[in-house]
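Coordinate analysis (summary)
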Amino acid sequence: MVASSHAFQVNCSLQRPSVSPKEDAHSRASLSSSLRLKTIFLKVFHQNPVFHNVERTGKEASLRLLDAFVDLAFEIVDQPLLPCQTNFAPVEEIGAAVLVTDAVTGTIPDDFTESVYIRNGPNPLFGGLKSTTSIFGKSSHSWLEGEGMLHALHVFRDSISGRWKISYINRHVDTDTFKLEKKRKKPAFLPAIEGDSAAVLSAHLLNWLRFGLVDKYHSNTNVFEHSGKVYSIAENHIPQEINPFTLETKGNWDINGCWKRPFTSHPKKAPDTGELVVIGIHPRKPYFELGVVSADGNRLIHKVDLQLKRYNVIMDFPLTIDVNRLMTGGPLMKYNKEGYAQIGVMPRYGDSESVKWFRVEPSCMFHIINCYEHGDEVVALAITSSTSIIPGPDFGMNKFEWFSKRFKKIEQSEDESFFSRVYEWRLNMKTGEVTERNLTGMEYSMELPIINEKFIGIENKFGYAQVADLNASSTSGMTKYGGLAKLYFEGRKLEISNKHDGLIEVEYHKFPENTFCSGAAFVPKSGGHAEDDGWIITFVHDESTDKSQVYIVDATKFSEEPVAKISLPKRVPYGFHGAFVPLYAP
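Calculation criteria
Residues numbered from 1 in each chain as written. Predicted model: local features only at pLDDT ≥ 70, side-chain atom pairs only at ≥ 80, totals over all residues. Heavy atoms only, no water. Pairing = 2+ DSSP bridges. Helix = DSSP H or I, 4+ residues; strand = E, 2+ residues; numbered from the N terminus. Axes fitted to C-alpha atoms, helices over the stretch in contact; angles between N-to-C directions. Buried < 20%, exposed > 50% of the residue type's maximum accessible area, 1.4 Å probe, protein only. Arc of directions from axis to C-beta. Contact = heavy atoms within 4.5 Å. Salt bridge = Lys/Arg side-chain N within 4 Å of Asp/Glu carboxyl O. pLDDT = per-residue confidence, 0-100. Expected span 1.5 Å × (residues − 1). Patch = residues over 30% accessible without salt bridge, like charges linked within 9 Å, V, L, I, M, F, W, Y side chains within 5 Å. Areas by Shrake-Rupley, 256 points an atom, 1.4 Å probe, with all protein chains shown as cover. Core = buried A, V, L, I, M, F, W, Y, C linked by side-chain atoms within 4.5 Å.

Examining the sheet that holds strand E22 (residues 377-385)
- Strand order across the open sheet formed by four strands is E21-E22-E23-E24, with antiparallel pairing between neighbours. A single partner strand is all that each edge strand has here, and the edge strands are strand E21 (364-374) and strand E24 (434-438). Taking each pair of neighbouring strands and ignoring which way they run, the sheet shows an average axis angle of 20°.
- In the sheet, E21 pairs with E22 via nine bridges, with the strands oriented antiparallel. Opposite His-374, over in E22, you have Glu-377 as the bridge partner.

Concerning the sheet that holds strand E33 (residues 578-582)
- The strand order E2-E8-E7-E4-E33 describes an open sheet built from five strands, whose pairing is antiparallel. If you trace the sheet from one side to the other, it starts and ends with strand E2 (98-99) and E33, each paired once.
- Bridge count between strand E4 (residues 115-122) and E33: five bridges; the pairing is antiparallel. When the sheet's bridge partners are listed, Arg-119 is paired in E33 with Gly-578.

Let's talk about the environment of Tyr-287
- Considering the arrangement of structural elements, one finds Tyr-287 in the loop between strand E15 (276-281) and strand E16 (288-293).
- Overall, Tyr-287 belongs to the buried group, its relative accessible area being 17%.
- Expressed as a C-alpha distance, the spacing of Tyr-287 and Lys-309, which sit 22 residues apart in the sequence, is 7.7 Å.

Observations regarding helix H3 (residues 176-184)
- Three or more residues of H3 are buried, namely Thr-177, Phe-178, Leu-180 and Glu-181. Buried residues in H3, looked at end-on, bunch into an arc of 160°, giving them a common side.
- Considering only its buried residues, H3 is in contact with strand E8 (164-172) and helix H4 (197-211).
- Lys-185 sits one or two residues past H3 and shows a positive phi near 60°.

A look at the pattern of salt bridges
- By the definition in use, this model includes 18 salt bridges.
- Here Glu-225 ties to Lys-269 by a salt bridge, and the two come within 2.9 Å at their closest N and O atoms. With Glu-225 in strand E10 (residues 222-226) and Lys-269 in strand E14 (residues 268-269), this residue pair connects regions lying 44 residues apart in the sequence.
- For the salt bridge of Asp-272 with Arg-348, the shortest nitrogen-to-oxygen distance reads 3.4 Å. Here the residue Asp-272 occupies a position in the loop between E14 and E15, and Arg-348 occupies one in the loop between strand E19 (341-347) and strand E20 (356-360), the gap between them amounting to 76 residues.
- The partly exposed category is assigned to Asp-272, whose relative accessible area is 39%.

Considering the confidence of the model for the protein
- The pLDDT averaged across the protein works out to 81; a share of 75% of its residues lies at or above 70.
- Throughout residues 1-38 the model reports pLDDT below 50, and contacts reaching past four residues in sequence, or to other chains, amount to 17 contacts.
- Below a pLDDT of 50 lies the segment residues 406-416, which in the model reaches 22 contacts outside its immediate sequence neighbourhood of four places, other chains included.

Points about H4
- Taking 1.5 Å as the rise per residue, H4 with 15 residues should run 21 Å; its terminal C-alpha atoms sit 21 Å apart, in good agreement.
- Note on H4: the residue one or two positions beyond its end, Gly-212, has a positive phi of about 75°.

A closer look at unusual backbone geometry
- Omega for the peptide link from Lys-285 to Pro-286 comes to -10°, which places this bond in the cis form.
- Of note, Pro-286 is situated in the loop between E15 and E16.
- A positive phi angle, close to 55°, is found at Ser-227, a residue other than glycine.
- Of note in the backbone geometry, Leu-448 takes a positive phi value of approximately 50° without being a glycine.
- Residue placement: Leu-448 occurs in strand E25 (residues 445-450).
- With relative accessibility at 17%, the residue Leu-448 sits in the buried group.

Digging into a nonpolar patch on the surface
- Residues Leu-205, Trp-208, Leu-209 and Val-214 make up a contiguous nonpolar surface patch of about 380 Å² in total accessible area.
- Of note, Val-214 is situated in the loop between H4 and E10.
- The exposure class assigned to Val-214 is partly exposed, which follows from its relative accessible area of 38%.

Things to note about the nonpolar core
- Membership of the largest hydrophobic core comes to 21 residues, with the highest contact counts inside it found for Ile-108, Phe-112, Leu-153, Ile-537, Ile-552 and Ile-566.
- Those elements that provide at least two residues to this core are strand E7 (148-157), E8, strand E29 (515-524), strand E30 (534-542), strand E31 (547-554) and strand E32 (564-567).

And the structure:
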């Protein structure tokens, strides 16, 4: 709830008249007595529970009136799911972990690392995402929203038999706003991201007046590990520490009170120092702050305001190791043909004056693959598209038509699609020159890239991404095939001769028809030396059977069948990012 306080203000306009010393002394005594009486009254007010009850009762009455107004003025309904969206529907918590050891097809490799594989994603309370209608118009949630739910696969060796013991568990992230809505047993926050302008503004205002927040803390985007602890995160709040075995939420992490603003869902751990580099964006100044967290997670050792002149949605950023540089999106980030974009490069412990800005072609970029230094150049690899996959204000049921048209335009005009590909920038720190190019062709759309995290900030040979074959669509216009891609950045070119030509080789691991994945992570092989010594692990859903599995794919035999498929006791909705956390069984 909103915490409010009431202060008594005394406004005095005093003119000193011509008085005798005796009268003046009497006036001073009277004023002193008056101030003492006011002080005593205020002390009694703050200490007496009767007065506190009056104040509290007034606030509670105001909140009840606001709640009553919302209940009368807003009709809250479930957003309908289209037939192609069934695996976006929420699921219930499973409770205790369920053993799935006997549900493995294939074999877990002997040198697989004991681990917890956790994936985050939206799982809306109370049946699904909501829409509202009111005198102000319509508002609705976006597909990005919904309370975070963690899905975890525990892969450990039995201490007695030495055999693999595998279990699955899921659980909501218990944020402050999750607790509030669970207590109310009904939706509390009005949808405020899409809709008619008046409806969105009124939703923001009413959410703020009732709860002190314009929207919920979703914590539904990513999972990361730092200093042996695991955290859940989304862009609009600080992280929540998670017990990796039970998935219980242990509380908010504000770096011992030093970070009290939004926290990127894509922090980067520097392999050279173990420090965690974070950013925080906010619609009010300071728009963009950067911080460096100590390797033990206890201290914020560097914090800087980049002095941006406008608010930009900057989700991801890379860092290099050689000269400890950072790269970030700039203050004039526009995703339209009339605007332009900037990329800034700065030292890891620099300030706003140390940023070197490069003007680049405008594009939409959500995720970085990697960044490293090559001679005088900073080389950045990312996934980009011409336009955003997040539709604008209110499409309702027309979202399906909008998405379908955007996919179909791939055949007609590359520039007008949100087809996403691997992109490269080469930023010359001496001359200021920029070279940029697409590296992959138009066969598959790619997103949510990962690498072997030991190579963050270092020149890497390989990357991996989730893909969808947009050129093999069903009668509904939606894609039929999904899979994974292995990207070769070491100079080998894929020899193809059609419009899908790319500059690097791409090897595909194709799934069966109507099967798609989410939250892929790289699992390095114990004792492995090569960059691709390891496996890709990912949650997979077959839309034909409505069954979910976990696939483990050998990264060195990428196009071959998964070495193991683990069937799960519950459907796992599509989500966002996953993390592989090496741990030993409790």
